[in-house]
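Chain by chain, the residues run as shown.
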Amino acid sequence: MAGNRTLAIIKPDAFGSGKAGKIIAHLEAQGFAVICARVIHMTKAEAGAFYEVHKGRPFYAELVEFMSSGPCMPLVLQKADAVAAYRAAIGATDPAEAADGTVRKLYAESKGRNAVHGSDSDENARIEGMFFFGAAALV
Ligand code: ADP
Ligand code: MG
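Being a predicted model, the structure only gives us computed values, none of them experimental.

Rules behind the numbers
Residues numbered from 1 in each chain as written. Chains lettered and ligands numbered in written order. Predicted model: local features only at pLDDT ≥ 70, side-chain atom pairs only at ≥ 80, totals over all residues. Heavy atoms only, no water. Helix = DSSP H or I, 4+ residues; strand = E, 2+ residues; numbered from the N terminus. Rg over C-alpha atoms; globule rule 2.2 N^0.38 Å. Buried < 20%, exposed > 50% of the residue type's maximum accessible area, 1.4 Å probe, protein only. Areas by Shrake-Rupley, 256 points an atom, 1.4 Å probe, with all protein chains shown as cover. Lys, Arg positive; Asp, Glu negative; His and termini not counted. Charge placed at Lys NZ, Arg CZ, Asp CG, Glu CD.

Draft legend 1. Here's a closer look at the overall build of the protein chain. From N to C terminus, the protein chain includes seven helices and four strands. Seen in sequence order, the protein chain has helices and strands lined up from the N terminus as β-α-α-β-α-α-β-α-α-β-α. The globule rule puts the C-alpha radius of gyration for 139 residues at 14 Å, and the 14 Å found for the protein chain is close to it. Projected onto its principal axes, the C-alpha positions of the protein chain cover 35 × 35 × 25 Å. Sorting the 139 residues of the protein chain into buried and exposed places 44% on the buried side. Put simply, the protein chain shows about 6,900 Å² of open surface, and 55% of that area lies on carbon and sulfur atoms. Charge centroids of the protein chain, computed over 15 positive and 15 negative side chains, lie 2 Å from each other.

Rendered as structure tokens:
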């Protein structure tokens, strides 16, 4: 059975332009509950560690630079089948390809500065939730 939690981040582009409230309201209206939330400004080392899985990809340096460029807002969200439901709610990585009504279509600037992060599996949701919130992400 799929898990009911996922890890989201309102990225520095959206957080810095005052979109956090709108994005959270949008997600709550779709049935996601906020379980954990904080505002942080990651160092390059922290952003690099979070995105370790993408090390070696051509966009890694740009991604680490961007994610450490200003404050962001990690969230643990709860809903049935949370990983898939949240990825459907945020839309494709590139906002130009994201479906109408999705968070990235509404709020993202570009494929790199794309407003939000979302875990891609239940296992990564647990790992990423622990990264920002420790055991609080699981209880
Ligand atoms: P997603 O966030 O949709 O799961 P990926 O895991 O493939 O997408 O990539 C992680 C993040 O890296 C993206 O959200 C985006 O910020 C950035 N990224 C991915 N591909 C590119 C690209 N081609 N150019 C610039 N940034 C990219
Ligand atoms: Mg991903």
